[in-house]
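# Geometric and topological summary
Here are the chains, one letter per residue:
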Amino acid sequence: MAAIETGREVIVDEGYQAFVDSYLAQASFWHGFVVSLAVIIVSEIGDKTFFIAAIMAMKNPRMLIFSSAISALGIMHVLSVVLGLATTIIPQIYTFYAATFLFVLFGCRMLYEGYHMDDDEGQEE
């Protein structure tokens, strides 16, 4: 038996505890891996980038389009990881205000572009 109860205290075998800790670490890794993979697959299948790559593969060499799309996806993941790490280094108050500023800036830009848009400009979409 790995745990022995003596009165109020529980004595746990160190080897068993190391096994449990290792199992939990692996389980959390695999759980995170599978969940993130599933979310990426579900979100990327219906993405317009997927359709653009499929259309481009009909007219251009397939391996060129595939390697370009995979390279772009890899670069975007590396940038996401770097920015995610940057948010752990930069104090939270700075990232909060930077995100707020960028959200307001892009929102105002979209409102400006929408206000100055021609009446027939969005009809072809």
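Refer to the structure presented above.
Residues numbered from 1 in each chain as written. Predicted model: local features only at pLDDT ≥ 70, side-chain atom pairs only at ≥ 80, totals over all residues. Heavy atoms only, no water.

### A look at the overall build of the protein
- Within the protein one finds four helices and two strands.
- Overall, the protein shows an N-to-C arrangement of helices and strands of β-β-α-α-α-α.
- Put simply, the protein has 125 residues, and 1% of those count as buried.
- Total accessible area computed for the protein in this model is approximately 11,500 Å², and 71% of it derives from carbon and sulfur atoms. (Helix = DSSP H or I, 4+ residues; strand = E, 2+ residues; numbered from the N terminus. Buried < 20%, exposed > 50% of the residue type's maximum accessible area, 1.4 Å probe, protein only. Areas by Shrake-Rupley, 256 points an atom, 1.4 Å probe, with all protein chains shown as cover.)

### With respect to a nonpolar patch on the surface
- Together, Phe29, Trp30, Phe33, Val34, Leu37, Ile41, Ile45, Phe50 and Phe51 make up a nonpolar patch on the protein surface, roughly 910 Å² of accessible area in all.
- Of all the secondary-structure elements, those providing two or more residues to the nonpolar patch are helix H1 (14-45) and helix H2 (48-59).
- If one sorts the elements of the nonpolar patch by residue count, H1 sits on top with seven residues.
- Mapping Phe50 onto the fold places it in helix H2.
- Of the residues examined, Phe50 reaches a relative accessible area of 40% and is grouped as partly exposed. (Patch = residues over 30% accessible without salt bridge, like charges linked within 9 Å, V, L, I, M, F, W, Y side chains within 5 Å. Salt bridge = Lys/Arg side-chain N within 4 Å of Asp/Glu carboxyl O.)

### Focus on the packing of aromatic side chains
- Overall, the coordinates contain one aromatic pair when judged by the stated rule.
- For the ring pair Phe96 and Tyr97, a centre distance of 5.3 Å and an interplane angle of 70 degrees mean the geometry is edge-to-face.
- For Tyr97, a relative accessible area of 53% gives the class exposed. (Phe/Tyr/Trp six-rings, centres within 6.5 Å; stacked < 30°, edge-to-face > 60°.)

### Let's talk about a negative patch on the surface
- A cluster of like negative charges, contributed by Asp118, Asp119, Asp120 and Glu121, occupies part of the molecular surface.
- Relative to the elements of secondary structure, Asp119 occurs in the segment after helix H4 (92-115).
- By relative accessible area, Asp119 is classed as exposed at 79%. (Lys, Arg positive; Asp, Glu negative; His and termini not counted. Charge placed at Lys NZ, Arg CZ, Asp CG, Glu CD.)

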